[in-house]
Every structure is written in structure tokens, then in C-alpha cells.
Amino acid sequence: MALLLASFTQFFEGERKFVSRGENHYQSGHVESFCYAGGDMSGFVHASQRDRRDADINDEGVKYALNFAVVQHNRRLNDIYLHNVVEVVRAQSQVVAGTNYVITVKLVKTGCRKDAVNEECNLTSSPVKAQPYQCTFTVWSRPWLSDIRLLDTKC
């Protein structure tokens, strides 16, 4: 069952709510999409960047999110070698339904193969392979649900 936009707007009539893409009821740019089926309404909402705060890189949540992001990044790379963080450029957090972490780091290829176990990973001796590159990871963590997700990677 599809819901017409006119019906949806009538549902919110008289309230300060909007339904156009990119707006939620507080006009903050959160709503990506919504769906109405079988009497239930659901949607995808993303967090705005307005409430992000700089985070301490030694915070346990930041460290956990960064470790998770780097592991996922290494899994997705088409490379037999691991890439490790050499510098944390910036870490930010934002309270949503959980915590969003936006962490910018510099990474470099190590001499460790992905299939190596308990190997100490040093930087490669080759200057070409050891060129640092920068990535920004967006991680959503909901520890009370044992749920963590890498939402975005930009390198």
C-alpha cells in the first residue's frame, strides 16, 4: 500500500513538521526517505553535522570505533598487506541513537601480510609503499545492542 504525499502531509497537519526529502519535523535535514506499509511508517534518518564535538583520541569509544574502522578498511582493500594508522588527525563524536564517530587518520601500508598471525607490523621499508594517505571514517556505535557499523569511508 503506497501513501500519497498529500495524505502524509495531512497526517502532520497543524504541527511544525515537514516531509520533503532532507527535512525532518525540526527542519534539520535528517530524513533521507520514508515508507508507509500496512499501517506502519518507517524511514531512514541520518544525523546532522551540527552537534559534532571534538573527541579525545584516548577515549575508549573513539579507540574502539577507530579499530573497527581500520579492520573493515583492511578487509575491503585489494592488498595482501595490512594498513595501519600512523596519525590521528581529528576525532569527533555526536550523540544520536548511539554515537557517531567521525575520525580522520593517516594510514600507511605495513610489511605484514593480512594472513599473518601475531606478527609485529612495522612500516614497509619501501618509500613508495610507505606513503601515508588520509581517510575519514564514520562509525555508528550502539554498545548496549553490541552493534557497531562503518557507515562511510573517504580516502
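Above this text is the structure in question.
For clarity, every value in this text was computed on a predicted model and none was experimentally measured.

The rules we used
- Residues numbered from 1 in each chain as written.
- Predicted model: local features only at pLDDT ≥ 70, side-chain atom pairs only at ≥ 80, totals over all residues.
- Heavy atoms only, no water.
- Disulfide = S-S within 2.5 Å.
- Helix = DSSP H or I, 4+ residues; strand = E, 2+ residues; numbered from the N terminus.
- Core = buried A, V, L, I, M, F, W, Y, C linked by side-chain atoms within 4.5 Å.
- Buried < 20%, exposed > 50% of the residue type's maximum accessible area, 1.4 Å probe, protein only.
- Contact = heavy atoms within 4.5 Å.
- Expected span 1.5 Å × (residues − 1).
- Polar contact = N/O pair within 3.5 Å; in protein donor to acceptor, adjacent residues only side chain to side chain.
- Salt bridge = Lys/Arg side-chain N within 4 Å of Asp/Glu carboxyl O.
- Pairing = 2+ DSSP bridges.
- Axes fitted to C-alpha atoms, helices over the stretch in contact; angles between N-to-C directions.

Undergrad: Whenever I open this one, the state of the cysteines confuses me. Can you help?
TA: One way to say it: the disulfide is the covalent bond shared by the sulfur atoms of two cysteines. Throughout the structure, instances matching the rule amount to 1 disulfide. Shown here is the disulfide that connects C135 with C155, its sulfur atoms set 1.9 Å apart. The S-S bond linking C135 to C155 shows a torsion near 110°; that makes this disulfide right-handed. Of this pair, C135 sits in strand β6 (residues 133-142) while C155 sits in the segment after β7 (147-154), and the two are 20 residues apart along the sequence.

Undergrad: I'm lost on the nonpolar core in this one. Help?
TA: Among soluble globular proteins, nonpolar side chains are generally buried collectively. Core analysis: the largest hydrophobic core is formed by 17 residues, its most contacted members being I103, F137 and V139. Here the element with the most residues in this core is helix α2 (residues 60-76); it accounts for 6 residues. For F137, the contacting residues outside a window of four places in its chain are L66, A69, V70, H73, Y101, V102, I103, V105, L107, L150, D152 and T153.

Undergrad: Is there a simple way to explain α2 in this structure?
TA: Residues separated by three or four positions in an α-helix point in the same direction, a consequence of the helix having 3.6 residues per turn. Taking 1.5 Å as the rise per residue, α2 with 17 residues should run 24 Å; its terminal C-alpha atoms sit 24 Å apart, in good agreement. Those residues of α2 lying buried are V62, A65, L66, F68, A69, V70, Q72, H73 and N74. In this structure, the buried residues of α2 make contact with β4 (81-96), β5 (98-113), β6 and β7. Between the side-chain oxygen at the start of α2 and the backbone nitrogen of G61 there is a gap of 2.9 Å, and the oxygen is on D59.

Undergrad: What exactly am I supposed to notice about unusual backbone geometry here?
TA: For residues other than glycine, phi is negative in most cases, and the peptide bonds are mostly trans. Phi is positive for S146, which is not a glycine, with a value near 55°. When you line up the elements, S146 lands in the loop between β6 and β7. Given the relative accessible area of 72%, S146 is considered exposed.

Undergrad: Looking at this model, I keep getting lost on the pattern of salt bridges. Mind explaining?
TA: Pairing between side chains becomes possible if they bear opposite charge and their charged atoms approach one another. Scanning the model with the defined rule gives 8 salt bridges in all. One network of salt bridges, with partners in common, ties together R142, D147 and R149.

Undergrad: Just checking my understanding: could you explain the sheet that holds β7 for this structure?
TA: Backbone hydrogen bonds hold the strands of a sheet together, and the pairing may be parallel or antiparallel. Within the open sheet, the 5 strands sit side by side as β3-β4-β5-β6-β7. Their pairing is antiparallel. The open sheet has two edge strands with one neighbour each: β3 (53-54) and β7. By the bridge criterion, 7 bridges tie β6 to β7 in an arrangement that is antiparallel. The residue of β7 that forms the bridge with F137 is T153. α2 contacts β4, β5, β6 and β7 of the sheet and is inclined by roughly 60° relative to β7.

Undergrad: It is not clear to me how the environment of V105 should be interpreted in this structure. Could you clarify?
TA: Secondary-structure assignment places V105 in strand β5. Owing to a relative accessible area of 0%, V105 belongs among the buried residues under this scheme. Sequence-wise, V105 and A91 are 14 residues apart; in three dimensions their C-alpha atoms are separated by 8.6 Å. The residues touching V105, leaving out its near neighbours within four places in the chain, are L66, V85, E87, V88, V89, Y133, Q134, C135 and F137.

Undergrad: How should the side chain of S141 be read in this particular structure?
TA: The topology assignment puts S141 in strand β6. On the basis of relative accessibility, which here comes to 9%, the residue S141 falls in the buried class. Each residue touching S141, except ones within four places of it in the same chain, is listed here: G98, T99, Y101, D147 and I148.

Undergrad: Would you mind going over the pairing of β6 with me for this structure?
TA: As a general feature of sheets, a regular strand has side chains that alternate between the two faces. Among the 10 residues in β6, 7 count as buried, and that is most of the element. Pairing between β5 and β6: 9 bridges, direction antiparallel. From the neighbouring strand, V102 faces β6, where its bridge partner is T138. Taking the residues that link successive antiparallel strands as the turn, the β6-β7 hairpin has 4 residues, and the phi of S146 there is positive, at about 55°.

The analysis is restricted to geometry; functional conclusions fall outside its scope.
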